[in-house]
Amino acid sequence: MAASSQSSSGRKFWLLGGGIILVIALYTGGWFYAASQLKTTVLRAIAPRDSAGVTGECANIDFRGFPFRIGLFCSKVDVDDNVNGVSASFGELRSAAQVYAPGHIVWELDSPAEIRTAHGLSINAEWANLQSSLVTKLKGIDRSSTVIDGLKVVATSSANGQTVNFDSTHTEIHLRQNGADLDGAVAVMGSNTKIKDWPQVFPQLTASADITLAGKAGMIDGSDEKGLYGASGELRKAVADIGDGKVMTVTGPFSFDEEGYLSGQFKLEIERLGPWRDSIKTTFPEIAKSVDTAAKLLKALAGGGDKVSVDLVVNKGNATVSGFIPLGSIPPI
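Note that the structure is a prediction, hence the values are computed from the model and not measured. (Residues numbered from 1 in each chain as written. Predicted model: local features only at pLDDT ≥ 70, side-chain atom pairs only at ≥ 80, totals over all residues. Heavy atoms only, no water.)

Colleague: Looking at this structure, how should I read the overall build of the protein?
Modeller: Counting secondary structure elements, the protein contains three helices and 20 strands. When each of the 333 residues of the protein is scored for burial, the buried share is 35%. Across the protein, the fraction of contacts at a sequence separation of at least 24, relative to all contacts at a separation of at least 6, is 53%. Approximately 17,800 Å² of the protein is accessible, and the part contributed by carbon and sulfur atoms is 59%. (Helix = DSSP H or I, 4+ residues; strand = E, 2+ residues; numbered from the N terminus. Buried < 20%, exposed > 50% of the residue type's maximum accessible area, 1.4 Å probe, protein only. Contact = heavy atoms within 4.5 Å. Areas by Shrake-Rupley, 256 points an atom, 1.4 Å probe, with all protein chains shown as cover.)

Below is the structure:
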């Protein structure tokens with residue numbers, strides 16, 4: 001009986017050991033599957049596309065954090081969209097999620113970044129710090145938040161040679177699915193924008209925008225293949241504030257055609273036109289005469305008041321005030 005008891009205990013020991021090994025194997029397999037999903041999700045957040053012509057590569061990929069944390073590290077990220085003719089490259093990527101909450105992912109991305117499109121638009125960007133978090137659902141990304149410090153961007157269009165320079169001390173971008181629509185909110189602090197061949201109407205300012213893109217919820221998780229081409233939406237509110245009550249607000253519907261040109265019927269409101277005029281003249285003295293002329297015209301449209309409300313019309317990239325005062329052209333996206 002002693003031998004029988006020892007044999008039974010031995011079988012139980014081996015069964016227990018085998019069960020432990022099986023659990024470890026299953027856990028390890030699940031961990032590496034979650035790590036591969038982490039890679040896919042983060043790459044979608046960086047370049048949200050879902051097409052056979054899109055590839056995303058992490059150079060020198062390294063998975064870390066086993067067993068309690070899922071971490072992904074890459075020395076460089078490259079994304080190519082052969083269908084739409086878009087290519088992008090970024091610096092080092094670091095991302096992580098807890099094993100008990102794999103759907104909540106945090107990640108960091110280093111600059112520089114370079115994005116080029118077949119339409120001739122190139123974007124070069126640098127930043128001091130970029131951090132983001134996102135929450136996934138059963139398929140794709142439900143919402144995301146990104147914070148960028150020390151952002152500097154240069155966008156150039158080869159179609160007309162136009163260049164836009166933008167920098168911001170602090171930038172926040174929040175996106176979420178709202179049924180079939182995509183809601184977005186952007187805030188920038190200490191920003192400067194300079195557009196080649198345009199009057200430099202904005203001194204350093206703080207700005208925010210609240211926007212909805214109709215039927216474009218899939219842009220956040222990669223299931224929408226067309227992006228902004230052919231899209232329409234509502235600019236619920238965009239605000240530019242240079243302090244002391246000098247506030248400019250833009251609202252209205254807009255759309256992009258299949259070639260990427262913007263059209264829209266916007267309402268432009270300017271609080272304290274006189275101080276806006278003086279601030280712009282101080283910041284850009286070389287265009288003081290043009291600013292005075294524009295301010296007089298806007299004041300006339302406002303009936304002599306210091307609060308102006310005019311229509312800002314954009315037709316296939318051509319921007320005008322009230323449909324007849326030309327401002328310039330906006331290149332396609």
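Colleague: Looking at this structure, how should I read the side chain of Thr-146?
Modeller: Positionally, Thr-146 belongs in strand E11 (residues 141–157). A relative accessible area of 13% means that Thr-146 is categorised as buried. Of note is the side chain of Thr-146, whose polar atom sits 3.0 Å from the side chain of Ser-132. Look past the residues within four positions of Thr-146 in its chain and what remains in contact with it is Leu-130, Gln-131, Ser-132, Thr-171, Glu-172 and Ile-173. (Polar contact = N/O pair within 3.5 Å; in protein donor to acceptor, adjacent residues only side chain to side chain.)

Colleague: I'm lost on the confidence of the model for the protein in this one. Help?
Modeller: Interpretation of this model should avoid reading the predicted coordinates in detail wherever pLDDT is low. Of the residues in the protein, 74% reach a pLDDT of 70 or more, and the chain-wide mean stands at 76. Confidence drops under a pLDDT of 50 for residues 23–29, and excluding neighbours within four residues, the segment shows five contacts in the predicted structure. (pLDDT = per-residue confidence, 0-100.)

Colleague: Hey, could you run me through unusual backbone geometry in this one?
Modeller: The general pattern is negative phi for most residues beyond glycine and trans for most peptide bonds. The residue after Ser-111, namely Pro-112, is reached through a cis peptide bond having omega 5°. Even without a glycine there, the phi angle at Lys-316 is positive, about 50°. With respect to the helices, strands and loops of the structure, Lys-316 is situated in the loop between strand E18 (308–315) and strand E19 (318–321).

Colleague: Before we go on, may I ask you to explain the side chain of Thr-212 in this structure?
Modeller: Position of Thr-212 relative to the elements: it lies in strand E14 (residues 205–213). Engagement of the side chain of Thr-212 in a polar contact is seen with the side chain of Asp-183, the distance being 2.9 Å. Discounting chain neighbours no more than four positions away, the residues touching Thr-212 are Asp-181, Leu-182, Asp-183, Ser-232, Gly-233, Glu-234, Arg-236 and Phe-254.

Colleague: Looking at this model, I keep getting lost on the packing of aromatic side chains. Mind explaining?
Modeller: The description of an aromatic ring pair uses the distance of the two centres, along with the angle that the planes make with each other. All chains considered together, the criterion is met by one aromatic pair. Plain terms: the ring middles of Phe-254 and Phe-256 are 6.1 Å apart, the flat faces sit at 80° to each other, and that makes the pair edge-to-face. There is no split in this pair, since Phe-254 and Phe-256 are both buried. (Phe/Tyr/Trp six-rings, centres within 6.5 Å; stacked < 30°, edge-to-face > 60°.)

Colleague: Explain the pattern of salt bridges here, please?
Modeller: Two side chains bearing opposite charge may form a pair once their charged atoms approach each other closely. One pass over the structure, following the stated rule, counts twelve salt bridges. With a closest N to O distance of 2.7 Å, Glu-114 and Arg-116 form a salt bridge. A salt bridge links Asp-311 to Lys-267; the nearest nitrogen and oxygen atoms lie 2.9 Å apart. Here the residue Asp-311 occupies a position in strand E18, and Lys-267 occupies one in strand E17 (residues 262–270), the gap between them amounting to 44 residues. A cluster of three or more residues bridged by salt bridges with shared partners is formed by Glu-92, Arg-94, Glu-108 and Asp-110. (Salt bridge = Lys/Arg side-chain N within 4 Å of Asp/Glu carboxyl O.)

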